[in-house]
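Coordinates in review
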Amino acid sequence: MTVHQMPADNTKPAYNYAYLDEQTKRMIRRALLKAVAVPGYQVPFGSREMPLARGWGTGGIQITAALIGPADTLKVIDQGADDTTNAVSIRKFFERTADARTSEATEEATIIQTRHRIPEAPLKSGQVMVYQVPMPEPLRKLEPREAETRKMHAWAEYGLMQVKLYESIARFGEVTTTYDYPVMVNGRYVMSPSPIPKFDNPKMHMSPALQLFGAGREKRIYALPPYTSVKSLDFEDHPFRIQSWSQPCGLCGAADSYLDEVVIDDRGGRMFVCSDSHYCETRRAEGHRGAMLGDAAASGLVEETNP
Amino acid sequence: MTLHVAPAALDLEPAPLLSVANVSRFYGERIGCADVSFDLWPGEVLGIVGESGSGKSTLLRCLAGIDKPDAGEVLFRGGSEPLDIYSVSEQERRRLMRTAWGIVHQNPRDGLRMDVTAGGNVGERLMDRGDRHYGEIRERALDWLQRVEIAGSRIDDRPRQFSGGMQQRLQIARVLVSEPRLVFMDEPTGGLDVSVQARLLDLLRVLVRDLGLAAIIVTHDLAVARLLTDRLMVMKDGKVVEQGLTDQVLDDPHHAYTQLLTSAVLSV
Amino acid sequence: MTTMIQVENVAKTFTLHNQGGARLPVFDNVNFHVEAGEALVLAGASGAGKSSLLRILYGNYRPTSGTIHVTHAGRPVDIVAAVPRTVLDIRRRTLGFVSQFLRVIPRVSTLDIVRDPLLARGATPETATERAKAMLARLNLPERLWNLAPATFSGGEQQRVNIARSFVDPSAIMLIDEPTASLDAANRDVVVELIAEARAAGSAIVGIFHDEAVREKVATRYLDITAFRKA
């Protein structure tokens, strides 16, 4: 039994469908519509208290709650993995409060709530990405005054953002920002993509999926409608570049995915594996084998699937 | 004698760069500055002198687009159309302040980003206007650091590692890099040692002349006014009591207050 | 002959507001004119107001009344009523002032000081440098000083720098206040030559010379300003 269903004794359910009351969901949907209408613009919304602390993805959860229906399939990823505590808890939350089907398969999901990653498998039209955002204001570290950052966005005064990139190149020879790398949306607003690696930035550009961003603590919602131009900020002579690795995924051999470094023993042994756990498993199921798959399976780190 | 009546004006320039008409600013009952009018032509350097509290800084803030005056008009002719800086949008005014205008603050901390390197500080206005070539921005920044006598090797140091005089020179480079037509300076040498002041003054004098800048300089130091300015306005209690050619005002002061000011100085 | 300066009904009274409004009348009803190629020497006892009159001609002191037309860019301009930028333009292009003292600008080399007026009037850097060097040599200023700023020079050396700067490209009107005060005989003679050359080239000169021998050699006409003293 899920908590929103009528109990047998016909008293009222403990919670409304998808936890939030309908008025709140309507308010959030209105904010979402405005955000979609002005891509990259941060729309204030009345963020509610949720049954977990702010900073644990309450912005994303509220957006998902406002969107989800019984026909939806929800995927939740945290740092690319479907099986971390936060991802599991959020999935369970919607299973209990919204009767949602959940899946780890990117292709099956209609709503993908995420923290820190965009799946490696290409997104499709009709899918909705929901990003959990801790710090929606890309200018905040440079300009602490909210009134001032609003003016800077209103009049597209983005020189200061460029100064930040300049500083990085001046000190380190390259832009060292590797996640939450600022982007220009639709040639108009500078936007924080949330703390995804800059590796994922190109996936946002002209994506067929609808991308929604929720910051619960900061009470802001913003959006990228499908097929929106998203350009990572750079200099003509220091063009934006994504990370690359010297070796492919140790488990599935993928050379095109974002890799995490994993320490595998206490003798300094390590390997690089896909951060997107579902992508990696799918490839292994298809018969791709990385150089270290045998070792990893032998030590019980992963199950070796036979094609 | 009214200096504005000019039977023999020589039409050196088609129009003043800045026309100020009846600017007044009040703080409740108290007068900040009252009924100030003047024209500033391209390449002219105007000094505003007076004691603390005479209203000179208030006036500068009104002229520079920082504080809206309660009455009066400030007209800037930097582009094709004259611009009433307080009737245009805030957006337009901010754009103006980042491009055609520059403000040099008395305290370099108010005009610099202390956490940003010298190069970034100088390059910001270039990036503001849309420059996106790192190498070119850096080259311009290097050029300007040298023009204000800061070694190129300091380009990646932050201003807090600089002496007061260097910070002030950096602030000047940061403002002048966008080649403004008009620069406002509030006590540019205040708070500096005398020897450091002399170097800064000489630098300002050369830059103002070489770039053909129009400038408005607020100072209580008559020696600074003598060295840098073409014209002077003497302010007392918010009002302009005397104005004219700098050496005229200093050498043959007519108003009682100006006579008091000039006689209070050992030698200017 | 071209009239370069026309002084009409000029009066000057200093009012000292901070000394009980004391009024110091200097002179009244001053009328005279100076032609191109003339050297008018102001005469009168010390304290008669010679320097004040020179400063009024330069636009440095403001007369209490009267007009002073100087011929600037081919037409007469009243320097008393002119706006500051006009006065500055007249000084830049027409009206030079040679004072006893050099106003030392920190850190600017002697050569640059002397080159400056030539550059301001559009000479090429090469020509300007060449003429500046020639002028400094003529005034016997040691070559080792040319690239130094004159702040530490002796009074006579500073004065010669000042004269070099003024005569490297003589103005159409030159106002000269005691230029030879601390010079030796040889350099005094050079200054007399320079003034004569400027006059021959058409400059109008108005000057104050304390040294009688110099005065005699320079003057084409005298103006005793004691006549204008207020009673």
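Now for a quick tour of the structure.

The rules behind these values
- Residues numbered from 1 in each chain as written.
- Chains lettered and ligands numbered in written order.
- Predicted model: local features only at pLDDT ≥ 70, side-chain atom pairs only at ≥ 80, totals over all residues.
- Helix = DSSP H or I, 4+ residues; strand = E, 2+ residues; numbered from the N terminus.
- Rg over C-alpha atoms; globule rule 2.2 N^0.38 Å.
- Buried ≥ 20, exposed ≤ 12 C-beta atoms within 10 Å, placed from the backbone.
- Contact = placed C-beta atoms within 7 Å.
- Pairing = 2+ DSSP bridges.
- Axes fitted to C-alpha atoms, helices over the stretch in contact; angles between N-to-C directions.
- Arc of directions from axis to C-beta.
- Core = buried A, V, L, I, M, F, W, Y, C linked by C-beta atoms within 7 Å.
- Expected span 1.5 Å × (residues − 1).

What follows covers the overall build of chain A. Of regular secondary structure, chain A possesses eight helices and twelve strands. Here chain A has a C-alpha radius of gyration of 21 Å; the compact-globule value for 307 residues is 19 Å, and the two agree. Projected onto the principal axes, the alpha-carbon positions of chain A cover approximately 60 × 55 × 35 Å. Taken over 307 residues, chain A has a buried fraction of 45%. For chain A, contacts bridging at least 24 residues in sequence account for 61% of all contacts bridging at least 6.

Residues and elements named next belong to chain B. The sheet built from six strands is open, its strands ordered β6-β7-β8-β3-β9-β10 with mixed pairing. Bordering the open sheet on either side are β6 (101-104) and β10 (239-245), each of which pairs with just one other strand. On average, each strand axis in the sheet is inclined to that of its neighbour by 15 degrees, with strand direction left out of account. Note that β6 and strand β7 (residues 182-186) share four bridges and pair parallel. By the bridge assignment, Gly 102 is partnered in β7 with Val 183. Along the sheet, helix α1 (residues 56-63) contacts β3 (45-49), β7, β8 (214-219) and β9 (231-236); its crossing angle with β8, the most-contacted strand, is approximately 150 degrees.

Time to look at the sheet that holds strand β6 (residues 183-185) of chain A. The strands that make up a sheet are held in pairs by hydrogen bonds between backbone atoms, and each pair lies either parallel or antiparallel. All names here are of chain A. Reading across the sheet, the three strands line up as β7-β6-β10 and stay open at both edges, with antiparallel pairing between neighbours. In this open sheet, the two edge strands, each paired with only one partner strand, are β7 (189-191) and β10 (230-232). Across the sheet, the mean angle from the axis of one strand to that of its neighbour is 35 degrees, orientation sign disregarded. Summarising the sheet, β6 and β10 pair through three bridges and their orientation is antiparallel. Residue pairing in the sheet places Val 183 in a bridge with Ser 232 of β10.

With that settled, consider the arrangement of the chains. The chain pair with the greatest number of contacts, out of two pairs of chains in contact, is formed by chains B and C. Between chain A and chain C there is no contact, and the shortest C-alpha to C-alpha distance separating them is 34 Å.

This paragraph deals with helix α10 (residues 256-263) of chain B. All names here are of chain B. Within α10, the full set of buried residues consists of Tyr 257, Thr 258 and Leu 261. Each buried residue of α10 lies within a common arc of 95 degrees when the element is viewed along its axis, so the set occupies one face. Next to the buried residues of α10 lie α8 (222-228), β9, β10 and α9 (246-251).

Counting residues in each nonpolar core, the largest one holds 203 residues, and the members touching the most others are A:Leu32 and A:Leu212. Ranked by the residues each element gives to this core, the list is headed by helix α6 (residues 164-176) of chain B, at six residues. Contacts of A:Leu32, omitting those with residues within four sequence positions, involve A:Ile63, A:Ala66, A:Leu212, A:Ile221 and A:Ala223. Counting 15 residues, the second-largest nonpolar core is a separate cluster that includes A:Phe199, A:Tyr258, A:Tyr279 and A:Cys280.

Take α6(B) next. All names here are of chain B. Spanning 13 residues, α6 covers 19 Å between terminal C-alpha atoms, matching the ideal 18 Å at 1.5 Å per step. Among the 13 residues that make up α6, twelve are buried, leaving the element largely enclosed by the rest of the structure. Within α6, burial applies to Gly 165, Met 166, Gln 167, Gln 168, Arg 169, Leu 170, Gln 171, Ile 172, Ala 173, Arg 174, Val 175 and Leu 176. The secondary structure elements touched by the buried residues of α6 are β6, α3 (108-111), α4 (118-128), α5 (134-147), β7 and α7 (194-211).

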